[in-house]
Amino acid sequence: MPKLGVNIDHVATVRQARRTYEPDPVWAAAEAELGGADQITVHLREDRRHIQDRDVEILVRTVQTRVNLEMAVASEVLAIALKLKPACVCLVPEKREEVTTEGGLDVAGSLERVSETVKKLNGAGIAVSLFIDPEPRQIEASAKSGAPFIELHTGSYADARGDAEIARRLDALRDGTKLARQLGLRVNAGHGLNYRNVQVVAAIPEMEELNIGHSIVSRSIFVGFREAVREMKALIR
Ligand code: PXP
């Protein structure tokens, strides 16, 4: 059964809407863990639109499971990661104008730069994953980067409409997982997963972890954070 990483960025989005102190993502992390989260995921964006440095600093000290820090391949955040040493780092592409992480990291097109960052993170004992589209050329490049993990971008699957298109996108995730395992990579997935579409992805053989944020935070408005996580965990199980 894949582990559940709960992404709490959008708890911070609500807080930042008023530049105040609530809701506190640190509190959300504790609730998520009580609901069965196996990991707390946060994205420290260059523009600090949701998660703040203070959040990451406290989370690495207080989270009882483990912290997965999503970040761009950029020296400023790399320095923070090397100082704070979260258990895991997921390298993601980042554009200032995007609403969310659109598309995967172009590892094939920037292998040298990505590999340098992976090396520094590996050296600090941080488990690195690369957030990539389920494309053979990105998977093959990832296998050369030194990163032990990839996280397959499930956005195209989540956005697909119609049975044939959904099946095609799901096949890409299945084939991508298989190829990555053959190349010695460990495989996670995430983005756009929700209470309706998660189960088939969770059933992909050798899928290790799913990172889910927006749908859990959305549901938490109605049922509470702990319960929203519990329900997601039950679906994955
Ligand atoms: N995984 C990665 C690498 C992401 O960038 C995000 C979004 O921040 C997620 C998972 C979670 O996506 P969602 O909020 O759509 O569940």
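In the block above lies the structure referred to throughout.
Right, let's walk through the structure included here. (Residues numbered from 1 in each chain as written. Predicted model: local features only at pLDDT ≥ 70, side-chain atom pairs only at ≥ 80, totals over all residues. Heavy atoms only, no water.)

**What about the overall build of the protein chain?**
Along the protein chain, the regular secondary structure elements total 11 helices and eight strands. For the protein chain, whose C-alpha radius of gyration is 17 Å, the value lies close to the compact-globule estimate of 18 Å for 237 residues. Here the protein chain holds 237 residues, and 50% of them are scored as buried. When contacts within the protein chain are restricted to residue pairs at least 6 apart in sequence, long-range pairs at least 24 apart make up 66% of them. (Helix = DSSP H or I, 4+ residues; strand = E, 2+ residues; numbered from the N terminus. Rg over C-alpha atoms; globule rule 2.2 N^0.38 Å. Buried < 20%, exposed > 50% of the residue type's maximum accessible area, 1.4 Å probe, protein only. Contact = heavy atoms within 4.5 Å.)

**Focus: the site of the ligand**
Surveying the vicinity of the ligand reveals 14 residues, the closest of which are Glu70, Glu151, Gly192, Gly213 and His214. Glutamate 151 is positioned with one of its side-chain polar atoms (N or O) 2.5 Å from a nitrogen atom of the ligand. The contact in question runs from an oxygen atom of the ligand to an N or O atom on the backbone of histidine 214, over 2.9 Å. The protein chains hide 94% of the 400 Å² of surface that the ligand would expose on its own. The residue makeup of the shell around the ligand, split by class, is three nonpolar, eight polar and three charged. (Near = heavy atom within 4 Å. Polar contact = N/O pair within 3.5 Å; in protein donor to acceptor, adjacent residues only side chain to side chain. Areas by Shrake-Rupley, 256 points an atom, 1.4 Å probe, with all protein chains shown as cover. Nonpolar A, V, L, I, M, F, W, Y, C, P; charged D, E, K, R; others polar.)

**Overview of the packing of helix α2 (residues 25-34) against helix α11 (residues 225-236)**
At a closest axis distance of 8 Å, the pairing of α2 and α11 adopts a crossing angle of 45 degrees. Taken together, α2 and α11 sit at an angle that is classed as oblique. Here the hand of the crossing between α2 and α11 comes out right-handed. Facing Ala28, Glu31, Ala32 and Leu34 of α2, the residues of α11 in contact are Phe225, Arg226 and Val229. Considered class by class, the residues forming the contact of α2 with α11 number five nonpolar, no polar and two charged. (Axes fitted to C-alpha atoms, helices over the stretch in contact; angles between N-to-C directions. Parallel < 35°, antiparallel > 145°, perpendicular 65-115°, else oblique. Left-handed = near helix turned anticlockwise from the far one by under 90°.)

**A closer look at helix α5 (residues 111-123)**
Its 13 residues give α5 an end-to-end C-alpha distance of 18 Å, which sits within 8% of 18 Å, the value for a rise of 1.5 Å per residue. By the burial criterion, the buried members of α5 are Val114, Ser115, Thr117, Val118 and Leu121. An end-on view of α5 places all buried positions within 165 degrees of arc, on one side of the element. Summarising the geometry of α5, the exposed residues directed more than 90 degrees from the buried face are Glu112, Lys119 and Gly123. Here the buried face of α5 lies against β3 (67-71), α4 (75-84), β4 (88-91), β5 (127-132) and α6 (136-145). (Expected span 1.5 Å × (residues − 1). Arc of directions from axis to C-beta.)

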